[in-house]
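# Observations on the model geometry
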Amino acid sequence: PDPRKSEPFGVVLVHRDRHLIVVEKPTGLLTAPLPRTASKAAEDGSAAPSALRAAGLLCRKNGGPPKVVYRLEKFTSGLLLFARSSDVATALQGQIQAGAMKRTFRCVVVGAPELSTGLISSMLIDSGNGRKGSREGTLTVKAAKSRPPGKTPGPGNLAITRYRTVVEGAGQTALEVRVVTAQP
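Residues numbered from 1 in each chain as written. Predicted model: local features only at pLDDT ≥ 70, side-chain atom pairs only at ≥ 80, totals over all residues. Heavy atoms only, no water.

### Thoughts on the confidence of the model for the chain
As a note on interpretation, predicted positions should not be read in detail where pLDDT is low. Defined as follows: Across the chain, each position has a pLDDT score giving the predictor's confidence in that residue, from 0 to 100. Note on conventions: DSSP H or I runs of at least 4 residues are helices, E runs of at least 2 residues are strands, and numbering of each starts at the N terminus.
Summary statistics for the chain give a mean pLDDT of 85 and a share of 86% for residues scoring 70 or more. Mean pLDDT across the elements of the chain ranges from a minimum in helix 2 (residues 35–44), with 53, to a maximum in strand 3 (residues 67–68), with 94.

Structure follows, in structure tokens:
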């Protein structure tokens, strides 16, 4: 098959049924266009490459356009789950918010964290262009057994992530990272 048709923008189809589409997103590709980019694309008829657009191309013959359930950062590769209806998207996002669905990632970092297991927390704020970042002074790393902090006064949404070291070597560390709370 022609990879331009079967793997648009390098996105690989992993699973597709009448409710869901699962794709493998490569690094360097947005999950979905940023709001500013999407509105510009609507004006000039172009559409920026994204995993959402690729998922739409992979399921355009049957079903409506896919809906974002959660996002991966541009420079993160991995599996993405898209819903094929608004009802399914709402249900899946509710499961994520309720903690019924767990998102676990594996990554390799340069160096090694001071703690082999830990809890990372911060207050996420809009840092411009549709991106989120930690509000200054709120990013903390604590021992894994620490109690998660609550929301601190001021703007932002509490984000909690847990990690554990899988293996260390050659100046790099493989980590398993689990998102506990975040925006979908």
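The discussion continues.
### Comments concerning the sheet that holds strand 1 (residues 12–16)
Applicable threshold: Here, a strand pair is defined by DSSP locating no fewer than two bridges between the strands.
The strand order across the open sheet formed by 4 strands is 1-2-4-3, and the pairing between neighbours is antiparallel. Sheet topology places strand 1 and strand 3 at the edges, where each strand pairs with a single neighbour.

### As for the pairing of strand 2 (residues 20–25)
With 4 bridges joining them, strand 1 and strand 2 adopt antiparallel strand pairing. By the bridge assignment for strand 2, L13 is matched with V23. Between strand 1 and the antiparallel strand that follows it, strand 2, lie 3 residues. Sheet analysis places strand 2 next to strand 4 (residues 78–83), joined by 6 bridges and oriented antiparallel. Its bridge partner being in strand 4, K25 is matched across the sheet by G78.

### A short note on helix 4 (residues 86–98)
Note the threshold: Take the residue count of a helix, subtract one, and multiply by 1.5 Å to get its expected span. Relative accessibility decides the category of a residue: with a 1.4 Å probe and only protein chains considered, values under 20% of the type maximum give buried, values over 50% give exposed, and everything between is partly exposed. Along the arc lie the directions from the helix axis toward the C-beta atoms. Contact between two residues is taken to exist if any of their heavy atoms lie within 4.5 Å; hydrogens are not considered.
Compared with an ideal rise of 1.5 Å per residue, which puts 13 residues at 18 Å, helix 4 spans 18 Å between its outermost C-alpha atoms and is within 8% of the ideal. Every buried residue of helix 4 is accounted for by V88, A89, L92 and I96. Mapping the buried residues of helix 4 onto a view down its axis gives an arc of 100°, with all of them on the same face. Opposite its buried face, helix 4 presents the exposed residues D87, T90 and A98, each directed more than 90 degrees away. In this structure, the buried side of helix 4 is in contact with strand 2, strand 3, strand 4 and strand 5 (103–110). G99 sits one or two residues past helix 4 and shows a positive phi near 85°.

### A look at the pattern of salt bridges
Threshold: In the sections that follow, a salt bridge refers to a side-chain nitrogen of Lys or Arg positioned within 4 Å of a carboxyl oxygen of Asp or Glu.
Taken as a whole and judged by the stated rule, the model has 2 salt bridges. For E176, the salt bridge is made with R106, and the minimal N-O distance between the two is 2.9 Å. You can see E176 sitting in strand 10 (residues 172–181) and its partner R106 sitting in strand 5, a full 70 residues away along the chain. Classification of R106 by relative accessible area gives exposed; the value is 64%. Close ionic contact of E176 with R164 constitutes a salt bridge, the shortest N to O distance being 3.2 Å. With E176 in strand 10 and R164 in strand 9 (residues 157–169), the pair connects residues that are 12 residues apart, well separated along the chain. Taken together, the shared-partner salt bridges in this structure form one network comprising R106, R164 and E176.

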